[in-house]
Structures are given as structure tokens and as C-alpha cells.
Amino acid sequence: MIAELAKPQASFQGFVSRLSKFVSRLPLHVVLVGIALLWITPAFGLLTSSFRDAAAVASSGWWTAFQLPFEFTLDNYQAVLTQNRMGVSFLNSLIISIPGTVIPILVAAFAAFAFAWMRFPGRDTLFIFVVALLVVPVQMTLIPVLRLLTNLQIAGSFPAIWLAHTGYGLPFAVFLLRNFFGALPRELLESAYLDGASSVRVFFRLILPLSVPALASLAIFQFLWVWNDLLVALVILQDPGKAPMTVTITNLVSSFGAQWQLLTSAAFISMMLPLVIFFALQRYFVQGILTGAVKG
Amino acid sequence: MAEVRFEQVTKRFGDVTAVNNLSLEIPDKEFLVLVGPSGCGKSTILRLLSGLEEVNEGNIYIGDRLVNNVPPKDRDIAMVFQSYALYPHMSVYNNMAFGLSLRKTPKAEIERRVREAARVLGIEDLLKRKPRQLSGGQRQRVALGRAIVREPAAFLFDEPLSNLDAKLRVQTRAELSKLHQRLGTTFIYVTHDQIEAMTMASRIAVMNDGVLQQVGQPQELYERPDNLFVAGFIGSPAMNLFEVTVRGDQNQTYLDADSFRVAVPSTKVAMLLPYSGKKIIFGLRPEHIHVPEFMPPGTIAAPVQARVDVTELMGHEYYLYLLNGEKHFLARVDARTMPRPGQDIEVVFNIAHMYAFDPVTGKAITTTDG
């Protein structure tokens, strides 16, 4: 009987402790939700605007769109997609971004492995030098890089922009991957060497599979950077036929004047792919951020 | 044939000499344990043998082959690491098969060897699992299995039991000994735990500061330590050591420890006379100190007064931490003794089992009989 008396007591105490935990966390949650709403609001406003026609956008604020009568339209998206070669631009963005992500990561992985696990003269100095390049602003390098590419007679071609993005992406990629590779247990690699693996085998069968979180997060960083890049594309790719979405969207402003309802829909179209990739690889993204922070 | 030979091997890391002029022969099928405190060079010796480090001076032979410049994978040795070093993204089966697949061993042969090793180690049910799904003991067996399938000329073990809990350690010690008998291959085993050394080794090599102190069978090291370091390292609890002066003459020699003195047995007098008037280090193992009521027959008793400081009941015996003047020492006495901390008692030293060491060189002057 005592036990039965104790049961409601225990569950009531459990309820009280959960409630008090919730209440004590409430201010924090309120703040967090508030900040999140604040952050999302501008983007949400743009999204709403992209579904409104030019007249509505010019005459009233986006928040009014949620009152009757609802006047949402898909005209803007239709206009953007069918005109101004947006499809071609999307393809160009892909052609630039995918190799512009894969090549730097591959090169950086090889370099990072050498920096982390091979011994050669000047290794540490060279590594510091590569990482120090993070400090150099992109803008300072545009003219020399363009000149170099022109001398190589590839300026204006896709390989040129792949090379450029490889160069710009390497310092960060090498830094991130070298730290990650270096944190792998030495005995794991030694065991593989004793088992008969060469350095190449160790790299492909051990290091790469174990580094998937770091590689995935690096892929996200690099892809986002290249996909959203305007400056490098403008400078290096002069052919309008090769223009990525960023360039094409910018041109919308000049060709259509201040028709920024088209601008918003173009921006969201451009945002789609990175968003998809981000949500697909989200957990690696978080892991990647923590990689340097924890353990190290 | 897998005899291993070190000839005057030296290894330096910058200013530090990790291994100093080591010469050691390990016959085929021996279970040699390299033991010593942290930093003594034992792991470095293992790494030199495996090829993960290169020698600065000297030669290493496996069989009749000079292997100084042979890469690790061609030395025909397998190593079990302290942390097991299992490949986390591969199944147990693939972990064990990895080395063989790299050497282009036929699939059927790989299958045969892996299953056989798994059977011997009792891990057949675990072959599909990944390392993170295994307990510490199971991971250790997989690491062993990975070495066994290679069928190497010698197995190298780098403190493989350090990461196991005490009970599992005792169990695995016995299993390793059985495995050695079963496989009949040379085992070279590194540990800092002298109990592991004493229980498993056919021979023990004691290292300190990169220098080989003594190599021999466990009993030999226990009963006839060559120097102070080996005497204090081998045996748990450690040998009691006292700084004493040799006094007296041919007819009556005794050791003067200021707060007590013990008579030297006739068999030891000749060896100690050259040190008359000089200081030596006198050693006596705790199991050779008794309380008078329970001393075994045949004890050559030298009585010493002492105060009981701490008592530890081990079940079958007491460890008594005793104080004589400024001197602390340990006795293992019969469990029927009822010691109390603070009690003044008389203990007897069985000086038939005394050791003496030169205080300058640390070398043994005389050793116990039988």
C-alpha cells in the first residue's frame, strides 16, 4: 500500500521537475526563437515578394500580401526562367561549381595528407605559408591571376575558373583537412603500413573513408562559396554564354531597371540548389564546424 | 626460422638516446618480455624491430636476414598495438583480411585463415560487426586475429593489456600464454607491468634509460638480480632496500643500519669483507621478513624492532608497513598475525635471503642461495 501511495507522489515530482526545467529554459528559448524569427524575416519577405506581381510590389509592403484578397502569382518565376537564358546560367553555375568544388578538395586532401603524415624538409614552413594565404584578399589577386591565365591562353574558359577557384579554396581546405588527418590515430596508419599498405593505399582506403565528415563539410563550404561567387566569375569569364546565375541575376537589374520582383524570384531560384545540398549534408556541416573545436 | 638479433643497436631522438647499444638475441619460439618503466626504450625497441623507426647505429636481424633497410611490410612480422588500431570503417572480417588482401592472397585462402583465427579466438560470431560495436576485450581479440592470419615470423605486442580492466587482464594473460604454446611462434612483448612479465615470459629483458639491465628467465631475475634496478623492479611488492655499513671481521660480520643491526650469515661473509667499514645497499624481499611466531622452519633469524605504520590485509597474508627509526620497509606476514597500527613488534629478517649491492655502481655484490 505504501508503494502505491508512493507512485502518484513520484510521478507528480517528475512532472514538477520537468515543468521547472521548462520554465527555467523559457527565457533562453524565447530569445533563440526571437533571433531566428528576426533572421528569417527579411528572407521571408523576399520570398513573399517573389510571388507578387510588379504593381503589388510597388504599391504595398510584402506583409500586406497575407490579407484577403490573396494575389499570389507565379508569373515572376515564369518570366525569370523562360527569359534571359536562366536555364543556361543554371547549367553554367553547375559546370563551374562542381569541378570548382571537387578539384580543390582532391588537391587539398593529397596536400593535407602529406603535411600531416609525411616527413620532408620544409614541411612545416610550407604549411604555414599555405595557411597564411588565407589572409590575402581575393580582390588583390584578381589582376595578377587574370594576367597569368591570359598568358596561359586559357582566360575566359571554364578550366580557367576551375583553376582560380582551386587556388582560392586551397588554403582553407588544406588547413581544415590537415588538422583532421593529423587527429587520426598514428597507430592506425602504422598498422596499415605493417599490413603492407603503401602511402597511396593508406590514403584511399583508410584516410578518405575516415574523413567523410570533414570532406563533406568542406564540400559544402566550397560549393556555397563558388556557387554564390560573382566577382571571380565576372573577372575571369568574360563570355556571356558562360555566365553563371550570379552574373545573370546581376544583369537583370540593369536590363529591367528596378523590377526587383523578378530579382527576388531569380535569387530564390539560385538559392534552391545550395539549400538542397545543405539540408542533405547538414549533419556533416555541424560536425565539420566542431572538428577544429573539439579534440583538435 | 625466426630468431631475432639486435647487434649494438642505438637509436637517438635529437639529444635523447632512447636505445643505447643494445645487443640481444631472441631464439625462435621464445616468449620474450621487454619490461621497464615509462621512457626506458622498450617501445622504441619494438618499433625498431618492426621498421616503424630506423636505427642510428647497429644491425637488426630477423632469421638470417639483415633488416635495417627493409620496409615494415616486408619484415614478416605482425604487431598488436596498445590501442588495437582497428580500422573503424571496416567489419571485423575485413579488418582481419586487410593485410592479406593487400598481398593479393586468394580469396579462398583469406577466408580459410580468417575463419580459423576467429575460431581460435572465439570471435566467429563477430565477423560482420564494426569495431565500435565491440567491447574492449573483443576488440583486442580482433587485433590479435589480424596478426595471427598473417602467419608472421614473429609477433610484436605493445602493451596490449593496458586498456583492459583488471579481471580481463588476468584472463587474457592466460589466453596469450596458451596462444603462444599453440602457435609456436616468437612473441616479443612489451609491458611496464612486471607481473605480466613474470607470468608470461620464457625470458625477461629489463630495460632502464635505454640500457639493457638484465635478461634471463623470470625466476633467475627474481632470485639473482644483477643490479639494484632489477632487484627493485622485479617482484611485487618491491624489495626493501637499506643503506648500511659493513662492520666486524672474519669471525663476526654484521650490517649496521644505525637503528638496527643484523648479523651476516657465514655464507656471505667472504663476499662482504672487502666492504668492511664501507657502505653498501642491503636488500631483503618482504616475503623474507616474518613475525617470530609464524616464521617458517629453516629461517636464519635476525631480529629487528619496528613499529607498525599501516596494515593491509590481502586475505591470505598481511602487508605490514613498518618503521624502524627513519627507515620504512614492508613485510608480508602470516594472516594469523593480528597487527595494529602503532604497535611495537619484533620482526625477524631471514638473512639467508639477503642481497647486497654496491652503492656506487648498483651492481649486486652477493646473491641469495637457492
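Please refer to the structure higher up on the page.
Keep in mind the model is a prediction, meaning the values are calculated, not measured.

A few words now on the interface of chain A and chain B. With 14 residues of chain A at the contact, the number on the chain B side is 16 residues. Secondary-structure elements contributing two or more residues to the side of chain A that touches chain B are helix H8 (186-195) and helix H9 (199-210) of chain A. Examining the composition of the side of chain A that touches chain B, we find that seven residues originate from one element, H8 of chain A, more than from any other. Partitioning the side of chain A that touches chain B into residue classes produces eight nonpolar, two polar and four charged.

This brings us to the nonpolar core. In this structure, Leu 177 of chain A together with Val 33 and Ile 188 of chain B are the most contacted members of the largest nonpolar core, which totals 150 residues. Among the elements that take part in this core, helix H7 (residues 158-182) of chain A stands out by supplying 13 residues, more than any other. Judged by nonpolar contacts, the second largest core, of eight residues, contains Val 80, Met 86, Leu 252 and Ala 266 of chain A.

Residues and elements named next belong to chain B. Residue position: Leu 156 is located in strand E7 (residues 154-158). Its 27 C-beta neighbours within 10 Å are what place Leu 156 among the buried residues. Between the alpha carbons of Leu 156 and Arg 47 there is a distance of 9.1 Å; along the sequence they are 109 residues apart. In this view, Leu 156 contacts Leu 46, Leu 49, Ser 50, Ile 77, Met 79 and Ile 188; residues no more than four positions away in its chain are not counted.

A word on the environment of Leu 208 of chain A. Residue and element names in this part refer to chain A. Note that Leu 208 resides in helix H9. With 54 residues separating them along the chain, Leu 208 and Leu 262 place their C-alpha atoms 43 Å apart. Not counting the four nearest positions on each side in its chain, Leu 208 is found in contact with Ala 109 and Phe 203.

All names here are of chain B. Here strand E6 (residues 77-80) shows a buried face lined by Ile 77 and Met 79 and a second buried face lined by Ala 78 and Val 80. Here E6 runs beside E7; their pairing, made up of four bridges, is parallel. Its bridge partner being in E7, Ile 77 is matched across the sheet by Ala 154.

With that settled, the discussion passes to helix H6 (residues 138-151) of chain A. All names here are of chain A. Over its 14 residues, H6 extends 20 Å from the first C-alpha to the last, a length consistent with the 20 Å expected when each residue adds 1.5 Å. Largest kink in H6: about 30 degrees, centred on Pro 144. Backbone geometry just downstream of H6 places Gln 153 in the positive-phi region, at approximately 65 degrees.

All names here are of chain A. By the element assignment, Ala 192 lies in helix H8. Its 23 C-beta neighbours within 10 Å are what place Ala 192 among the buried residues. The spacing of Ala 192 and Arg 205 is 13 residues in sequence and 9.7 Å in space, taken between C-alpha atoms.

Okay, the sheet that holds strand E1 (residues 4-13) of chain B next. Residue and element names in this part refer to chain B. One open sheet holds the four strands; their spatial order is E2-E1-E4-E5, and the pairing between them is antiparallel. Unpaired on one side and paired on the other, strand E2 (16-26) and strand E5 (65-66) mark the two borders of the sheet. Relative to E2, E1 is paired through seven bridges, and the arrangement is antiparallel. Looking at E2, one finds that Arg 5 is bridged to Glu 25. Packed on one face of the sheet, helix H1 (residues 42-50) meets E1, E2 and strand E4 (57-62) and runs near 65 degrees to E2.

Residue and element names in this part refer to chain B. At a minimum axis separation of 8 Å, helix H2 (residues 92-102) and helix H4 (residues 136-148) run at an interaxial angle of 30 degrees. With respect to each other, H2 and H4 are oriented roughly parallel. In the crossing of H2 with H4, the sense of the turn from one axis to the other is right-handed. When H2 is examined against H4, the residues Val 92, Asn 95, Met 96 and Gly 99 are found in contact with a partner set consisting of Val 142, Gly 145 and Arg 146. Looking at the contact of H2 with H4 residue by residue, the classes come out as three nonpolar, three polar and one charged.

Residues and elements named next belong to chain B. Of note, the bond from Ser 236 into Pro 237 is cis; its omega dihedral lies within 30 degrees of zero at 0 degrees. Positionally, Pro 237 belongs in the loop between helix H8 (228-233) and strand E11 (240-248). The backbone of Asn 21 shows a phi angle near 55 degrees, a positive value even though the residue is not glycine. Here Asn 21 shows up in strand E2. Asn 21 gets classed as partly exposed once you count the C-beta atoms within 10 Å, which come to 15. In this structure, Ala 85 takes a positive phi of about 50 degrees despite not being glycine. Residue placement: Ala 85 occurs in the loop between E6 and H2. For Ala 85, a count of 25 C-beta atoms within 10 Å puts it in the buried group.

What counts as what
Residues numbered from 1 in each chain as written. Chains lettered and ligands numbered in written order. Predicted model: local features only at pLDDT ≥ 70, side-chain atom pairs only at ≥ 80, totals over all residues. Contact = placed C-beta atoms within 7 Å. Helix = DSSP H or I, 4+ residues; strand = E, 2+ residues; numbered from the N terminus. Nonpolar A, V, L, I, M, F, W, Y, C, P; charged D, E, K, R; others polar. Core = buried A, V, L, I, M, F, W, Y, C linked by C-beta atoms within 7 Å. Buried ≥ 20, exposed ≤ 12 C-beta atoms within 10 Å, placed from the backbone. Pairing = 2+ DSSP bridges. Expected span 1.5 Å × (residues − 1). Bend = angle between axes of the 7 residues up to and from the residue. Axes fitted to C-alpha atoms, helices over the stretch in contact; angles between N-to-C directions. Parallel < 35°, antiparallel > 145°, perpendicular 65-115°, else oblique. Left-handed = near helix turned anticlockwise from the far one by under 90°.

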